[in-house]
Amino acid sequence: MAKRNIVKRGEDVLTKKCREVTVFDDKLWTLLDDMYETMKSANGVGLAAPQVGILRRVVVVDVGDANGKIELVNPVVVSMKGKQCELEGCLSVPDLWGYVVRPSKVKVKAFDRYGKEFQIEGEKLLAVALCHEIDHLNGIMFTDIAEELLTGSELEERKKGR
Ligand code: CO
């Protein structure tokens, strides 16, 4: 495994629509392993392939719950329920946080690293992470859809005020 560089907001690769994975080979496995290591070492809960410069529909998520590491290849949201608005950040946007409206529950269909289809359901933070990462595959950043964006110092002020 190797850590890869995380692409930052402003770079074209983050605004492009990613292509589907068609070959489930060792190149894909290396990408998944590298993405997980990169995400973990940056203390993230999710990472999408375009964030390491790869325009493929590949996502890793680990929100620290019982699911542990989740690898999603060609993920598709098949249903959503409810609404939540939580604070989000992104490893590609180190200086901004924002409140984003998301479904409170989602069901996602995807393939694992061997090409086997599975479904996963997530609520609360996992629902947020799944939606946030799948958005990346369509070139959508949380900063594009946030209700409100805050800088680090604005966020500190906000927390003190509460
Ligand atoms: Co992100």
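This is a predicted model, so every value here is computed, not measured.

Student: Explain the packing of aromatic side chains here, please?
Tutor: Each aromatic ring pair is specified by the distance between its two centres and by the angle formed by the two planes. Taken as a whole, this structure holds two aromatic pairs when the rule is applied. Consider the rings of Phe 24 and Phe 111, whose centres lie 6.2 Å apart with planes at 55°: the pair is tilted. With Phe 24 in the segment before α1 (26-41) and Phe 111 in strand β6 (residues 105-111), this pair connects stretches of sequence that are 87 residues apart. Judged by its relative accessible area of 24%, Phe 24 is partly exposed. The residue whose ring lies beneath Lys 69 is Tyr 36, and the NZ or CZ to ring-centre distance is 4.8 Å.

Student: How do you make sense of the coordination of the cobalt ion when you look at a structure like this?
Tutor: Think of it this way: four donors in a tetrahedron around the metal ideally sit 109.5 degrees apart, and six in an octahedron ideally sit 90 or 180 degrees apart. Within the protein, the atoms that donate to the cobalt ion are Cys 90 (SG), His 132 (NE2) and His 136 (NE2), at distances of 2.1 to 2.2 Å. As a motif over one chain, the donors of the cobalt ion read C-x41-H-x3-H. In this pair, Cys 90 is assigned in strand β4 (residues 84-90) and His 136 in helix α2 (residues 124-137), connecting sequence segments 46 residues apart.

Student: Is there a simple way to explain α2 in this structure?
Tutor: An α-helical turn contains 3.6 residues, so a residue and the one three or four places further along point in the same direction. With 14 residues, α2 extends 21 Å between its outermost C-alpha atoms, agreeing within 8% with the 20 Å of an ideal straight helix rising 1.5 Å per residue. Counting buried positions over the 14 residues of α2 gives twelve, a clear majority of the element. All of the buried residues in α2 are Leu 126, Ala 127, Val 128, Ala 129, Leu 130, Cys 131, His 132, Glu 133, Ile 134, Asp 135, His 136 and Leu 137. Downstream of α2 by a residue or two, Gly 139 has a phi angle that is positive, lying close to 75°.

What counts, and where the lines are drawn
Residues numbered from 1 in each chain as written. Predicted model: local features only at pLDDT ≥ 70, side-chain atom pairs only at ≥ 80, totals over all residues. Heavy atoms only, no water. Phe/Tyr/Trp six-rings, centres within 6.5 Å; stacked < 30°, edge-to-face > 60°. Helix = DSSP H or I, 4+ residues; strand = E, 2+ residues; numbered from the N terminus. Buried < 20%, exposed > 50% of the residue type's maximum accessible area, 1.4 Å probe, protein only. Lys NZ or Arg CZ within 6 Å of the ring centre and 35° of its normal. Donors = N, O, S within 2.8 Å, 3.2 Å for Na, K, Ca; no water. Expected span 1.5 Å × (residues − 1).

Remember that the coordinates give geometry; whether it matters functionally is a separate question.
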